[in-house]
Structures are given as structure tokens and as C-alpha cells.
Amino acid sequence: MASYYINYNGVNLSNLVSVRTVETTVLPNRENHAITIWERPGSIYNSYRYGERDISITFLIRATAAEYRNNPRCMENKLNTLRNVFKVTEPKPLYLGDTTKYIYAVPEGEFKMSEIRYDCYECEIQFVCHNPEYYSASVKAGNNRASSTYGMRSGSNN
């Protein structure tokens, strides 16, 4: 049942859930700041600040007929696994659809669940990302051979 790649808190959830929707913004909320000078009409642009990024995910949790036949409590076990993954005390890496980048997210609000039938639940969870930037999962080392200079030397390929 591999589907859309989702990994949170170090746990690959792709084989446990089937993602239906992922809602987020292209850019987080932007707040522009200006300076007002009494003697001058209007204001002067000073800076900006990005706010938090909100992410909403809806997904299905299903059990195959064989899983349900062998263990009628399998749906409760799957829900408990999700509860433990989402029960965090600080922002954790959230990978959405891409294994090469993540964003630090923490669940916010309720972890909603509605039973579609005895072997299928639809769930919704909201995340807030206080640091709205995505990070690369690959570690890149810098070249620090020229430690006595600041920046790159002209003509070098460092």
C-alpha cells in the first residue's frame, strides 16, 4: 500500500497510511514593516518577516481483509502507533512527498478521526511550522582549507 511519502518524527508512515490531501501555502504569511515619519507623507519600507507555515494532512488508515481477520484489533493498533508518532514535545522533521527535504513541524489542535467503515478510518492532522523554511536532508560539508581568508579567493574552485 505504498503511497505518497510521509515521514514524521523519524517514522516512515507511507506504508501505514494513504495520504488523501496535503494543504499548505507556497510561501508562509508575510508581514511587511514600515517606518512612519511625522514630517513626511506616507511611510518608508523597512523590512519584512515571514510568519508560521500551516500544513493540513488528511489520510486514510486501512486494514486488509486478512489483517482484520487475523487481528480484529489491528485498527486500534494502527491508531495507537499514529498517536505515539504525533505525541511530541518539540518540532520534529516532517517529510512530505520528497525524501530530500524536510520542515520542522509540531502538531497543533486535534487529531481528528472519522470511521468510514469497520476497517477504514479517515484522519486529519494540523501542523504548525514556526520555522517556515525547508531543509535539505543531505549533509553538505564546507571546504575550510583557506581558514585565514573570508570568502572565496578569486579564480578558485572551492
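Residues numbered from 1 in each chain as written. Predicted model: local features only at pLDDT ≥ 70, side-chain atom pairs only at ≥ 80, totals over all residues. Heavy atoms only, no water.

Is there a simple way to think about helix α2 (residues 74-86) in this case?
The α-helix advances 3.6 residues per turn, and as a result positions three or four apart in sequence lie on the same side. For α2, spanning 13 residues, the distance from its first C-alpha to its last is 19 Å, which sits close to the expected 18 Å at 1.5 Å a residue. Burial in α2 covers these residues: Cys74, Met75, Lys78, Leu79, Leu82, Val85 and Phe86. Within α2, the buried residues cover an arc of 140° as seen down the axis, which keeps them to one side. Of the surrounding elements, those touching the buried residues of α2 are β1 (6-8), β2 (11-12), β6 (53-62), α1 (65-70), β8 (101-117) and β9 (120-129). (Helix = DSSP H or I, 4+ residues; strand = E, 2+ residues; numbered from the N terminus. Expected span 1.5 Å × (residues − 1). Buried < 20%, exposed > 50% of the residue type's maximum accessible area, 1.4 Å probe, protein only. Arc of directions from axis to C-beta. Contact = heavy atoms within 4.5 Å.)

Please explain the confidence of the model for the chain as it appears in this structure.
A low pLDDT means the predicted coordinates there should not be read in detail. For the chain, the mean per-residue pLDDT works out to 85, and 87% of the residues sit at or above 70. Taken element by element, the chain is modelled with least confidence in α1, mean pLDDT 82, and with most confidence in strand β7 (residues 92-96), mean pLDDT 95. (pLDDT = per-residue confidence, 0-100.)

It is not clear to me how the pairing of β6 should be interpreted in this structure. Could you clarify?
In the case of a regular strand, side chains alternate between the two sheet surfaces. The buried fraction of β6 is high, at 8 of 10 residues. Sheet topology places strand β3 (residues 18-23) next to β6; 5 bridges connect them, and they run antiparallel. Looking at β6, one finds that glutamate 23 is bridged to serine 56. (Pairing = 2+ DSSP bridges.)

What exactly am I supposed to notice about the packing of aromatic side chains here?
Here the distance between the centres and the angle between the planes together describe a pair of aromatic rings. Per the counting criterion, the structure on display carries 12 aromatic pairs. Look at phenylalanine 86 and phenylalanine 127: their rings are 5.9 Å apart centre to centre, the planes differ by 70°, and that puts the pair in the edge-to-face class. Of this pair, phenylalanine 86 sits in helix α2 while phenylalanine 127 is found in strand β9, placing the two residues 41 residues apart along the sequence. On the basis of relative accessibility, which here comes to 9%, the residue phenylalanine 86 falls in the buried class. Phenylalanine 127 sits in the buried class, given a relative accessible area of 2%. Among the aromatic residues, those joined into a ring-pair cluster are Tyr5, Tyr95, Tyr102, Tyr104 and Tyr135. Here the basic side chain of arginine 30 rests over the ring of tyrosine 48, its NZ or CZ set 3.9 Å away from the ring centre. (Phe/Tyr/Trp six-rings, centres within 6.5 Å; stacked < 30°, edge-to-face > 60°. Lys NZ or Arg CZ within 6 Å of the ring centre and 35° of its normal.)

I keep staring at the pairing of β7 and nothing clicks. Help me out?
The sheet contact formed by β1 and β7 spans 3 bridges and is antiparallel. Bridge pairing links isoleucine 6 to leucine 96 in β7. As paired strands, β7 and β8 are joined by 3 bridges and run antiparallel to one another. Bridging from a neighbouring strand, proline 93 pairs with tyrosine 104 of β8. A loop of 4 residues connects β7 with β8, the two strands running antiparallel in sequence, and glycine 97 in this loop sits at a positive phi of about 75°.

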